[in-house]
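# Report on the structure
If you want the building blocks of each chain, they are given just below.
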Amino acid sequence: MPRQRAETGPDPVHVSLVAIPEAVVSTLTGIFDVMNAFAVMAPLGHAPLEAPPFRVEIVGLEPGPLQLASHVPISVQRSIASLETTDIVIVPSVLLGAEGWQKGRHPELVDWLAAMHRRGALLCSACSGLFLLAETGLFDGVGATVHFGYARAFEAAFPAVPIRPEQVLVVAGRREELISSGASMTWHDLVLYLIARHAGATAAQAVARLFALQWHQDGLAPYMTFEGRKDHGDLTIGAAQDWVATHFSVANPLEEMIRCTGLRERTFKRRFTGATGLSPIVYVQRLRIEEAKRRLERTEASVDEISWQVGYEEPAFFRRLFKRVTGLTPGSYRRRFKIPEFAQPHRGGR
């Protein structure tokens, strides 16, 4: 909660936006602009508040210029050494290179993050910013979300932190003080949540309208692309995966996979599930739904046609399965992800 002044009312909530060389400029500056909107609304026809609810600062090891992962320089406004307390700490998205996240690169920051938490601050990550926060150990056994593209890398680096990459926002901790947002643009949900929590729902709605931000209320499952796990080392199961990747629409793919491997049915199912983390039938379903998603995005075929094309004779079953996997009906999925008419390439010349 914001610190109180005796006579003039509450101080603004102090937000420390952490800048490190791995940070992505779009997330960092986007969060800065949205949370600072109350102080700069006038040019857009809104009167700025006399006492904006937030005071946002970009903080880092040293004040001054810092080049981010996008090769764009920003200015760190304040050193962490000069901050004894803060109300909210936000670590923006970070870009992982081929070598992955390198633990121990920022020991002073990790110690500072833990100290701010002890003194009452909320610790927040946007997308992959969780990699830095996880080094504090505060998320161990608690739960979080992270960009689904980095989920396996995160699990390998921090196996003690249970993650739900399909979730937009996870608010955890005894004081609801450990907050993480999922893939990329879910920083919108993070800042709107923080505004609603500290300045009220009406303020969050006003900012959402001002910036045309939307809550990702359907979760992130619609955005996730299924890729079967193939790093398990079981060559027989790997061969079955390769076969079904192009034959998932046949009438009985499970029977065909068993026949191709020469394994007993129970042995095949056990080994397949152990290797991929999914039962064979669920694996086939995910492949079929992934192909259906592509056809909904790129073709004009009806839902019934697509159901048949991917291997389902009963469109009603296909619709139920699609909704269960993606969180959306096929029609809603098509409306969300198909390229709108105004963005389609021009057909024919003028």
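Residues numbered from 1 in each chain as written. Predicted model: local features only at pLDDT ≥ 70, side-chain atom pairs only at ≥ 80, totals over all residues. Heavy atoms only, no water.

Helices and strands together make up the secondary structure of the protein, namely 13 helices and 11 strands. The dimensions of the protein, computed from C-alpha atoms along their principal axes, are 75 × 55 × 40 Å. Counting all 350 residues of the protein, 47% fall into the buried class. Long-range contacts, defined here as pairs at least 24 residues apart, represent 63% of the contacts in the protein between residues at least 6 apart. Summed over its atoms, the accessible surface of the protein is roughly 18,300 Å², and 52% of this surface lies on carbon and sulfur atoms. Treating the 38 positive side-chain charges of the protein as one cloud and the 36 negative ones as another, the clouds have centres 5 Å apart. (Helix = DSSP H or I, 4+ residues; strand = E, 2+ residues; numbered from the N terminus. Buried < 20%, exposed > 50% of the residue type's maximum accessible area, 1.4 Å probe, protein only. Contact = heavy atoms within 4.5 Å. Areas by Shrake-Rupley, 256 points an atom, 1.4 Å probe, with all protein chains shown as cover. Lys, Arg positive; Asp, Glu negative; His and termini not counted. Charge placed at Lys NZ, Arg CZ, Asp CG, Glu CD.)

The next subject is the environment of Met35. You can see Met35 is positioned in helix α1 (residues 25–35). On the accessibility criterion, Met35 (1% relative accessible area) is buried. Taking C-alpha positions, Met35 is 8.3 Å from Arg55, a pair spaced 20 residues apart along the chain. Apart from residues lying up to four places away in sequence, Met35 is in contact with Val15, Phe54, Val56, Ile90, Val191 and Leu194.

Assigned domains of the protein: these are domain 1 (13–222) and domain 2 (235–337). On a C-alpha basis, the centres of domain 1 and domain 2 stand 36 Å from each other. (Domains from an automatic or database assignment.)

Judged by which residues are buried, strand β10 (residues 169–172) turns out to be one-sided: Val170 and Ala172 face inward and are buried, whereas Leu169 and Val171, on the alternate face, are not. For β10 and strand β11 (residues 178–181), the ladder comprises four bridges, and the chain directions are antiparallel. Bridging across to β11, Leu169 finds its partner in Ser181. As consecutive antiparallel partners, β10 and β11 are separated by five residues, and within that stretch Gly173 has a phi angle of approximately 95°, a positive value. (Pairing = 2+ DSSP bridges.)

Time to look at the packing of aromatic side chains. Tallying each qualifying case throughout the model produces 15 aromatic pairs. Aromatic side chains Phe131 and Tyr150 sit 6.0 Å apart centroid to centroid with 85° between the ring planes, which places their arrangement in the edge-to-face category. Highlighted residues: Phe131 in helix α3 (residues 130–134) and Tyr150 in the loop between α3 and α4 (151–157), separated in sequence by 19 residues. The same class applies to Phe131 and to Tyr150, which are both buried. (Phe/Tyr/Trp six-rings, centres within 6.5 Å; stacked < 30°, edge-to-face > 60°.)

Moving on, we get to the side chain of Thr276. Tracing the sequence through the fold places Thr276 in helix α9 (residues 265–276). Of note is the side chain of Thr276, whose polar atom sits 2.9 Å from the backbone oxygen of Phe272. Looking at Thr276, its side chain comes within polar contact range of the main-chain oxygen of Leu278, at 3.0 Å. In this structure, Thr276 is in contact with Arg229, His232, Ile237, Gln241 and Tyr283, ignoring residues within four places of it in sequence. (Polar contact = N/O pair within 3.5 Å; in protein donor to acceptor, adjacent residues only side chain to side chain.)

What follows covers the pattern of salt bridges. Counting across every chain of the model gives 15 salt bridges. The partner of Arg336 in a salt bridge is Asp218, and the shortest N-O contact between them spans 2.6 Å. Linking Arg336 in helix α13 (residues 330–337) with Asp218 in the loop between α6 (201–211) and α7 (235–247), this pair joins segments that are 118 residues apart in sequence. With relative accessibility at 36%, the residue Arg336 sits in the partly exposed group. According to the relative accessible area criterion, Asp218 is partly exposed, its value standing at 36%. (Salt bridge = Lys/Arg side-chain N within 4 Å of Asp/Glu carboxyl O.)

A few words now on the UniProt feature "domain: HTH araC/xylS-type" (unreviewed entry) in the protein. Look at the UniProt record and you will see "domain: HTH araC/xylS-type" (unreviewed entry) annotated at residues 238–336. Helix and strand shares over residues 238–336 are 77% and 0% respectively, and the end C-alpha atoms of the span are 34 Å apart. (UniProt positions renumbered as here; feature names shortened; annotations may be inferred.)

It is worth spelling out helix α5 (residues 187–199) at this point. With 13 residues, α5 extends 17 Å from end C-alpha to end C-alpha; this agrees with the ideal 18 Å at 1.5 Å per step. Most of α5 is tucked away, with 10 of its 13 residues classed as buried. Residues of α5 that are buried: Trp187, His188, Asp189, Leu190, Val191, Leu192, Tyr193, Leu194, Ile195 and His198. Immediately beyond the C-terminal end of α5, within one or two residues, lies Gly200, with a positive phi of roughly 105°. (Expected span 1.5 Å × (residues − 1).)

Counting buried residues along strand β4 (residues 54–60), six of its seven residues qualify, which places the element largely inside the surrounding structure. As paired elements, β4 and strand β7 (residues 78–79) share two bridges and run parallel to each other. Directly across from Gly60, in β7, lies its bridge partner Ser79.

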